[in-house]
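Architecture and fold: a report
Given next are the chains, with one letter for each unit.
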4 protein chains.
Amino acid sequence: MNAGLKNRGRKREDVEDRRKAVEQRSGSQLKCISFYSFDPIIAEKNIENMIGAVQIPLGFVGPLKVNGDSAIGEFLVPMATTEGALVASVNRGCSVVTEAGGVSVVIVREGMTRGPVFRVEDVRHGLEVSRWVSDHFEELKKVAEGTTKHGRLLEVKPFAAGRNLFLRFSYDTGDAMGMNMATIATEAASRLVERETGATLISISGNLCVDKKPSALNYILGRGRIVLADVRVPADLVKSKLHTTPEAVAEACYRKNLVGSAIALSYGFNAHVANMLAAIFIATGQDPAQVVEGSMGMTTSEVVDGDLYISIRLPSLEVGTVGGGTKLPCQNEALSIMGCVGAGKAKKFAEIVAATVLAGELSTLAAEAAGELASAHRSLGR
Amino acid sequence: MNAGLKNRGRKREDVEDRRKAVEQRSGSQLKCISFYSFDPIIAEKNIENMIGAVQIPLGFVGPLKVNGDSAIGEFLVPMATTEGALVASVNRGCSVVTEAGGVSVVIVREGMTRGPVFRVEDVRHGLEVSRWVSDHFEELKKVAEGTTKHGRLLEVKPFAAGRNLFLRFSYDTGDAMGMNMATIATEAASRLVERETGATLISISGNLCVDKKPSALNYILGRGRIVLADVRVPADLVKSKLHTTPEAVAEACYRKNLVGSAIALSYGFNAHVANMLAAIFIATGQDPAQVVEGSMGMTTSEVVDGDLYISIRLPSLEVGTVGGGTKLPCQNEALSIMGCVGAGKAKKFAEIVAATVLAGELSTLAAEAAGELASAHRSLGR
Amino acid sequence: MNAGLKNRGRKREDVEDRRKAVEQRSGSQLKCISFYSFDPIIAEKNIENMIGAVQIPLGFVGPLKVNGDSAIGEFLVPMATTEGALVASVNRGCSVVTEAGGVSVVIVREGMTRGPVFRVEDVRHGLEVSRWVSDHFEELKKVAEGTTKHGRLLEVKPFAAGRNLFLRFSYDTGDAMGMNMATIATEAASRLVERETGATLISISGNLCVDKKPSALNYILGRGRIVLADVRVPADLVKSKLHTTPEAVAEACYRKNLVGSAIALSYGFNAHVANMLAAIFIATGQDPAQVVEGSMGMTTSEVVDGDLYISIRLPSLEVGTVGGGTKLPCQNEALSIMGCVGAGKAKKFAEIVAATVLAGELSTLAAEAAGELASAHRSLGR
Amino acid sequence: MNAGLKNRGRKREDVEDRRKAVEQRSGSQLKCISFYSFDPIIAEKNIENMIGAVQIPLGFVGPLKVNGDSAIGEFLVPMATTEGALVASVNRGCSVVTEAGGVSVVIVREGMTRGPVFRVEDVRHGLEVSRWVSDHFEELKKVAEGTTKHGRLLEVKPFAAGRNLFLRFSYDTGDAMGMNMATIATEAASRLVERETGATLISISGNLCVDKKPSALNYILGRGRIVLADVRVPADLVKSKLHTTPEAVAEACYRKNLVGSAIALSYGFNAHVANMLAAIFIATGQDPAQVVEGSMGMTTSEVVDGDLYISIRLPSLEVGTVGGGTKLPCQNEALSIMGCVGAGKAKKFAEIVAATVLAGELSTLAAEAAGELASAHRSLGR
């Protein structure tokens, strides 16, 4: 292998060397990739084998009025995407919900989880280990929290099957998304469990976390934050701005998001939650693979007193304003647009994200519903 | 609202104006975001309200030996991420599977889908419409294909419930991921269905597609490509390079990916498929929200004749080498590293992606398994 | 062990002997159990270790008007249950739907399945075996059908993951539920696959059948019969007979069957489909464990022109009028009430079952909805 | 309608009248159905429109050695079925596990649930209602428990989406399965919630219970009892009695119950749990429709020190020894065979059921595995 391919360093010239080696080996020209403005040393905990950067076009939506507990006011929201029409559509939604008075947002649960798997002797041993864990929660908490400044162990839930025992640890991780914090703390606690109970840790992640996979477990118990948001849009606003009616939006939402998703046995009862999450996650240095569990949202819509009621439920929204990619310059700037940089801002950020998701859901559903009206016009016009 | 916030144009100065307006309104400084190297006009179909770009650190893994039908040889694979250790870990996996002779990859199904929902009178009417669709497939095909140069209608599957009729259209979309192509073609075909059967189109997406939501439908019927990959790693290579044993990796895979995911009722029986997909998707201009369905992979592992057999099944891998963000300069360069630019390259690309996913799965499972050995060492040493 | 416990014979005196041995060993008195009217010899293929019979109270519902393709007219339907109020409630539903003109029923798919699992060398071998199966379908069909008078092999669908290859065989099994027929035919075909491809049969059921387990596979692809049924009930009938309104029933159906089941990630979007199935299955000699997949129904309801539209979708209704317990005297008599004894009656029977299920769904949803009205009355009356 | 069809009474002659009316109307002869030994009056809370009874052949399995907390010793277990070979197969399993020392059983959770759905104003109102419920748990408990002698309210879990609020009430229902008890208590508590919070009860079952539908909710949180059982079978016993090897059984279990069920996205990772449940439920007066949630078991198997380890996890086993059909004569006798009649016996009964399920799983998996050996013999013998 070409020596230049090795991961020898973190300085700009090391990056250059590697990039050239890649060019040479692959016969490609990596001009655009070599164009980046940050010092690689600040990304040393974010990437290895760095050869440059990829530029993702960044747009924004808003102003979006949010009536949350932490996010109160009008916000501009950055979105990085290469999917044409996405920003425009979400922006339309923002305009409508803001004119309607803004999006209410409530957070109903918080906690980042890690779910290791242990091998036990048999079901009775598994039960004993579970009981030990329950009886020694304070000890586990002390050991787990000894590894972290900000993390707090909230609970440990056991799930057993045969010689497999899963312990789902849940943490308050402050303003960090918290996956690493949870992993390190759980590793320490798991070693204590091993020593005291004779259980053997097989994998620090036993897929009961559940990280980056769609799962009923996260859907039902939550991971990160469970966030609900809603808005009521007056009928005339639906007509003037969205060119459709509350009835048509509610029908599209019913047949598509509920019946359709039910027929598909989907874990996502929504139109395109993942789009908004992916664009905001990429813009702000979140972990884009966690869009997977984020996508499991439920969008409901009803006609209430002639107006359009629409809501979103996000059972697994995993975001942070410290750690991960949030400290990289562009990403940090993107967070700054919303006033969500650093400590004390994660709840605010989660609320803005949920509100933006709702705006995006409204706009897409309305567009789909209006398509039906268009067809009605055509068929009437024949 | 500040006039600068409006989406007035696509030139660099328009972007500047908007960016400044955003800065002014939000009180933020967007220096890094203003640093980008491509002409906004070439991104005009990728973003609206553009204010700059986000730089995502780009690394690479490889050489990775792939034994596919279209991808044959050793490849370097670009990955854009802010998650530290990911590139290093996948790279380790690439090194091992390459030394083991490379990853076999087979594609077993292709087809991009769109699943509109129609309102019908009742179940009998729904059945009549389904039959009409079946009887007039050639007509539908002609109308659908009349909207596209490359798309070919492969089949239409009906799903009915009460007054809801869903038609899942499946297309060969060539080297494009094909969502837009499928949407436009399905819209045309749906209008024909409406005219001829009395069914009313309610939403061009009835969530039977299923786009950007986890779903049993895609998991079982496939969307994009169903891709399988595997490799057999000699026991001594597992020991020397991964510091564990085939038995330990197989046990971790069994307890975590199978039992654990089963207990969590996850649609993903894997370690972290989404990580590899997200990093490659972002690097190469794919739709990152489609990591959602991509994440539904199954990783299996067994000890075979003392060696480690490991495989991945991706039932819904949606990628393209034309369209979407693939034509943007950085993204295009990233594709060029693998020799996957443009027409005729989508299968090759899909095979490389699947092989990289497998390398990443192997490395993470081995790391988790080795953690257990470490613990064994400690407990033995007491 | 007491000799009397052994399964020595099938005559009434053998049954007596065993029963007495059970009484002796357990210290119980089995008088009621010893009271049965059929000759044990006719049940010799239905049970082993027979000690008597359990009497399940039998009621009936109807007349129920069915507008199917095979079941046309008014029927009385036998139900065996120990759950008080069930028969009365379903009967109320029958009365309403009959007065409303009867239940429309359509069957949209038929086929009993068996899905063995084979061990293959690797994914490429698995693909070769799949192709061999596809290329030699006629041969497989011949071998499979050589084991049965009535079964016809319809298709074989492959599903692969690593060293596991699943082949889902689907059969037309005439008027039998057909599980045994499908098993024997698939065993023969599987041996051919083994001989010709080098694949090794690991289990004749690989859980891709999917027999007696809830599964997305059956939900989406169907097993037994996919049956849809619906009825439109005039508003005044809803009021006079069900003491509620179309709006209230539709709302209960929406919040419970759709939103509730979606929140619970249920495979059953209905009120109590399993109740009707269990009671009819037990009465008529069907396999009561197949109520499991039968329970995965979807009940939808809408207000249409002021009236109540309600429908049921049963994706996996597995019934027969020959074989299994259908030939036992009581069970046969129960089938005779509906004119569904023996050959040529399975479709008719499936249609009557689906119509009864719909009647039961309507009655329960209406009762739940009326509960709400009651509460409204109380709260209004304070 | 013939007057005789009316549900006029509960005496034997009323049953006769109705039966004759059914015969007349349907042209059938219901001799066997008219043969039953109990006084209809004792079934008056179990059935309406009674016309007789259906006789289900009853067999038994055992002796089965159970090492539970309540069930300790060897038991004979009654099974009512018309599926030939089922009793014989389970009996074989009982013989093997008993010789292996018996089945260990542990119960890890108890609680019968009811999950009504309320309509709330919006997500913020829903949050307020949830908080009210949490803050007034003791009040709700008092009201709920005021309706029942034996039921104890354990917890109330809220789940919200838009204008839908679900409250999942969980009860200790003593030795009754407890569904009716839970319904009545929840109705009372729900009225209190309505009065105090402004929420409107839409349906006393909002499908968050989840009764008689397969669901992730029950699978994860449990309903009725979560029961685990296991046994370790020496290799030579596997060979002599089951004609296969621990390795072959473990492989069949792995490829079928885990990989197969995962590919099918089944909620049941087992061979045929529903069979044992259905046969015991019907014999003992349980609710056979609850076999649906019971079927969601997970069977795991491993080779441990050369022996066969096999376990079952039943997350939703709903049984009782009082109430329902348990007081009917035959059913009561069936319970008496196990010493499980009446108060204080539900845990014992649940443990015996789980042990029987395990015996049935072992026997079927071994039979499937041995089928493979047979094939190996044939292929070796060619």
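Residues numbered from 1 in each chain as written. Chains lettered and ligands numbered in written order. Predicted model: local features only at pLDDT ≥ 70, side-chain atom pairs only at ≥ 80, totals over all residues. Heavy atoms only, no water.

Re the overall build of chain A
Regarding its fold elements, chain A presents 12 helices and 10 strands. Reported as C-alpha extents along the three principal axes, the dimensions of chain A are approximately 75 × 60 × 40 Å. With 382 residues in all, chain A has 70% of them scored as buried. Counted over contacts in chain A with a minimum sequence separation of 6, partners at least 24 positions apart contribute 71%. Per element, the accessible surface of chain A, about 11,100 Å² overall, is 50% carbon and sulfur. Of the side chains in chain A, 43 bear a positive and 42 a negative charge, and the two mean positions are spaced by 5 Å. (Helix = DSSP H or I, 4+ residues; strand = E, 2+ residues; numbered from the N terminus. Buried < 20%, exposed > 50% of the residue type's maximum accessible area, 1.4 Å probe, protein only. Contact = heavy atoms within 4.5 Å. Areas by Shrake-Rupley, 256 points an atom, 1.4 Å probe, with all protein chains shown as cover. Lys, Arg positive; Asp, Glu negative; His and termini not counted. Charge placed at Lys NZ, Arg CZ, Asp CG, Glu CD.)

Some details on the domain arrangement of chain A
Residues and elements named next belong to chain A. Segmentation of chain A into domains returns domain 1 (58–109 + 224–379) and domain 2 (116–203). Domain 1 and domain 2 are separated by 35 Å when their C-alpha centres are compared. Listed by partner, the interface residues are 15 residues for domain 1 and 7 residues for domain 2. Contact between domain 1 and domain 2 buries roughly 610 Å² in total, counting both sides, with carbon and sulfur atoms accounting for 43%. Considering only the side of domain 1, the residues that lose the most area to domain 2 are Arg109, Gln290 and Val322, jointly responsible for 49% of the buried surface there. Scanning the region where domain 1 abuts domain 2 turns up 0 salt bridges. At the boundary of domain 1 and domain 2, one finds 6 residue pairs in polar contact (both at pLDDT 80 or more). For the side of domain 1 that touches domain 2, a count of residues per class yields 4 nonpolar, 5 polar and 6 charged. (Domains from an automatic or database assignment. Buried area = accessible area lost by both parts, 1.4 Å probe. Salt bridge = Lys/Arg side-chain N within 4 Å of Asp/Glu carboxyl O. Polar contact = N/O pair within 3.5 Å; in protein donor to acceptor, adjacent residues only side chain to side chain. Nonpolar A, V, L, I, M, F, W, Y, C, P; charged D, E, K, R; others polar.)

Here we look at the relation of the copies chain D and chain A
Superposing chain D onto chain A takes a rotation of 180° plus a shift of 0.0 Å along the axis, which leaves an RMSD of 0.0 Å. This pairing of chains is accounted for by a two-fold axis. Closest approach to the rotation axis among the C-alpha atoms of chain D is made by Ala216 of chain D, whose C-alpha sits 3.1 Å away. Of the residues that chain D buries at the interface, 100% are likewise interface residues in chain A, meaning the two copies contact each other through the same surface. (Least-squares fit on C-alpha atoms with pLDDT ≥ 70 in both.)

Remarks on the interface of chain B and chain A
Taken together, the contacts link 121 residues of chain B with 121 residues of chain A. Summed over both partners, the interface of chain B with chain A buries about 9,500 Å², with 61% contributed by carbon and sulfur atoms. Taken as a group, Val54, Phe60 and Arg255 of chain B account for 7% of the area that chain B buries against chain A, more than any other trio of residues on that side. Scanning the region where chain B abuts chain A turns up 6 salt bridges. Among the salt bridges present, the one from Glu74 of chain A reaches Arg25 of chain B, with a minimum N-O distance of 3.2 Å.

As for the relation of the copies chain B and chain A
Its rotation angle being 180°, the transformation that places chain B on chain A also includes 0.0 Å of axial translation and leaves an RMSD of 0.0 Å. In this assembly, 100% of the residues forming the interface of chain B have copies in chain A that are likewise at the interface, indicating an isologous arrangement.

Observations concerning the packing of aromatic side chains
Residue and element names in this part refer to chain B. Scanning all chains against the criterion turns up 18 aromatic pairs over all chains. Consider the rings of Phe169 and Tyr171, whose centres lie 6.5 Å apart with planes at 10°: the pair is stacked. Judged by its relative accessible area of 2%, Tyr171 is buried. Summarising the aromatic geometry, the rings of Tyr219 and Tyr267 are spaced 6.4 Å apart at their centres and angled 45° between planes, so their arrangement reads as tilted. (Phe/Tyr/Trp six-rings, centres within 6.5 Å; stacked < 30°, edge-to-face > 60°.)

Here's the deal with the interface of chain D and chain A
Chain D puts 33 residues into the contact, and the matching count from chain A is 33 residues. For the pair chain D and chain A, the summed buried area comes to about 2,600 Å², and 62% of that belongs to carbon and sulfur atoms. Salt-bridge contacts for Asp69 of chain D lead to Arg124 of chain A; the nearest nitrogen and oxygen are separated by 3.4 Å. Taken together, the links from chain D to chain A amount to 14 residue pairs in polar contact (both at pLDDT 80 or more).

Structural notes on the environment of Ile51 of chain D
On the secondary structure map, Ile51 of chain D appears in strand S1 (residues 50–67). Ile51 of chain D gets classed as buried once you look at its relative accessible area, which sits at 0%. Taking the C-alpha atoms as reference points, Ile51 of chain D and Arg19 of chain D, 32 residues apart in sequence, are found 4.6 Å from one another. Sequence-distant contacts of Ile51 of chain D, that is, excluding residues within four places in its chain, are made with Leu58, Gly59, Phe60 and Ile337 of chain C together with Val15, Arg18, Arg19, Val22, Leu30 and Ile33 of chain D.

So, helix H4 (residues 137–145) of chain B
Residues and elements named next belong to chain B. Listing the buried residues of H4 in full gives Phe137, Leu140, Ala144 and Glu145. Taken down its axis, H4 places every buried residue within 120° of arc, on the same side. Among the exposed residues of H4, those oriented more than 90 degrees off its buried face are Glu138 and Lys142. (Arc of directions from axis to C-beta.)

Re helix H5 (residues 179–197) of chain D
Each α-helix turn comprises 3.6 residues. Residues three or four places apart therefore point the same way. Between the first and last C-alpha of H5 of chain D there are 26 Å, a value that for 19 residues agrees with the 27 Å anticipated at 1.5 Å per step. Just downstream of H5 of chain D, Gly198 of chain D is the residue with a positive phi angle, here 85°. (Expected span 1.5 Å × (residues − 1).)

Regarding the pairing of strand S3 (residues 103–114) of chain C
Residue and element names in this part refer to chain C. Counting buried residues along S3, 10 of its 12 residues qualify, which places the element largely inside the surrounding structure. Across 7 bridges, the pairing between S3 and strand S8 (residues 224–233) is antiparallel. Note that in S8 the partner of Val105 across the bridge is Ala229. (Pairing = 2+ DSSP bridges.)

Topic: the side chain of Ser205 of chain D
Counting through the fold element by element, Ser205 of chain D comes out in the loop between strand S7 (200–203) and helix H6 (216–221). With a relative accessible area of 3%, Ser205 of chain D lands in the buried category. At 2.9 Å, the side chain of Ser205 of chain D forms a polar contact with the side chain of Lys256 of chain C. The residues touching Ser205 of chain D, leaving out its near neighbours within four places in the chain, are Lys256 and Glu368 of chain C together with Arg114, Gly115 and Pro116 of chain D.

Here's the deal with the environment of Gly52 of chain B
The topology assignment puts Gly52 of chain B in strand S1 (residues 50–67). Sequence separation between Gly52 of chain B and Ala188 of chain B is 136 residues; the distance between their C-alpha atoms is 36 Å. Here Gly52 of chain B is in contact with Ile56, Pro57 and Leu58 of chain A together with Val15, Ile33 and Tyr36 of chain B, once residues within four sequence places are set aside.

Details of the packing of helix H9 (residues 273–284) of chain B against helix H11 (residues 329–337) of chain B
Axes are the key here: two packed helices are described by the angle between their axes and the distance separating the axes. Residue and element names in this part refer to chain B. For the pair H9 and H11, the least separation of the axes is 7 Å and the interaxial angle reads 120°. Overall, the two elements H9 and H11 adopt an arrangement that is oblique. Here H9 contributes Ile282, Ala283 and Thr284 to the contact with H11, which in turn contributes Cys330, Gln331, Ala334 and Leu335. Considering only residue class, the contact of H9 with H11 consists of 5 nonpolar, 2 polar and no charged. (Axes fitted to C-alpha atoms, helices over the stretch in contact; angles between N-to-C directions. Parallel < 35°, antiparallel > 145°, perpendicular 65-115°, else oblique.)

A look at the environment of Gly324 of chain D
Tracing the chain through its elements places Gly324 of chain D in the loop between strand S10 (307–317) and helix H11 (329–337). Placed 189 residues apart in sequence, Gly324 of chain D and Asp135 of chain D show a C-alpha to C-alpha distance of 34 Å. The residues contacting Gly324 of chain D, other than those within four sequence positions of it, are Thr82 of chain C together with Asn46 and Gly285 of chain D.

Topic: the side chain of Glu318 of chain A
Residues and elements named next belong to chain A. Along the polypeptide, Glu318 turns up in the loop between strand S10 (307–317) and helix H11 (329–337). Here the side chain of Glu318 touches Arg223 through a polar contact of 3.4 Å, side chain to side chain. In this structure the side chain of Glu318 is engaged in a polar contact, spanning 2.9 Å, whose partner is the side chain of Gln290. In this view, Glu318 contacts Met112, Met177, Asp211, Asn218, Arg223, Gly224, Phe281, Gln286, Gln290 and Glu293; residues no more than four positions away in its chain are not counted.

Comments concerning the packing of helix H2 (residues 86–99) of chain A against helix H7 (residues 235–242) of chain A
Residue and element names in this part refer to chain A. For the pair H2 and H7, interaxial distance at closest approach is 11 Å and the crossing angle is 155°. Judged by the angle between their axes, H2 and H7 are roughly antiparallel. The handedness of the crossing between H2 and H7 is right-handed. Within the contact between the two elements, H2 uses Arg92, Ser95, Val96 and Glu99 and H7 uses Leu237, Lys241 and Leu242. Residue classes in the contact of H2 with H7 are distributed as 3 nonpolar, 1 polar and 3 charged. (Left-handed = near helix turned anticlockwise from the far one by under 90°.)

Focus on the confidence of the model for chain A
Residue and element names in this part refer to chain A. The pLDDT averaged across chain A works out to 95; a share of 96% of its residues lies at or above 70. Counted against residues more than four places away or in other chains, residues 373–382, with its pLDDT under 50, gives 7 contacts. If you check the scores for this complex, the pTM reads 0.97 and the ipTM reads 0.97. (pLDDT = per-residue confidence, 0-100.)

Structural notes on the pairing of S1 of chain B
The buried fraction of S1 of chain B is high, at 16 of 18 residues. Pairing of strand S1 (residues 50–67) of chain A with S1 of chain B, which is carried by 9 bridges, proceeds in the antiparallel orientation. Within S1 of chain B, the position partnered with Gln55 of chain A by the bridge is Gln55 of chain B. Bridging between S1 of chain B and strand S2 (residues 72–80) of chain B involves 8 bridges; their strand directions are antiparallel. Residue pairing in the sheet places Leu64 of chain B in a bridge with Phe75 of chain B of S2 of chain B. Connecting S1 of chain B to the next strand, S2 of chain B, in antiparallel fashion are 4 residues. Two strands pair when backbone bridges link them, and S1 of chain B and strand S3 (residues 103–114) of chain B are joined in this way by 2 bridges, in the parallel orientation. Residue Val66 of chain B lies in a different strand from S3 of chain B, and its bridge partner there is Val103 of chain B.

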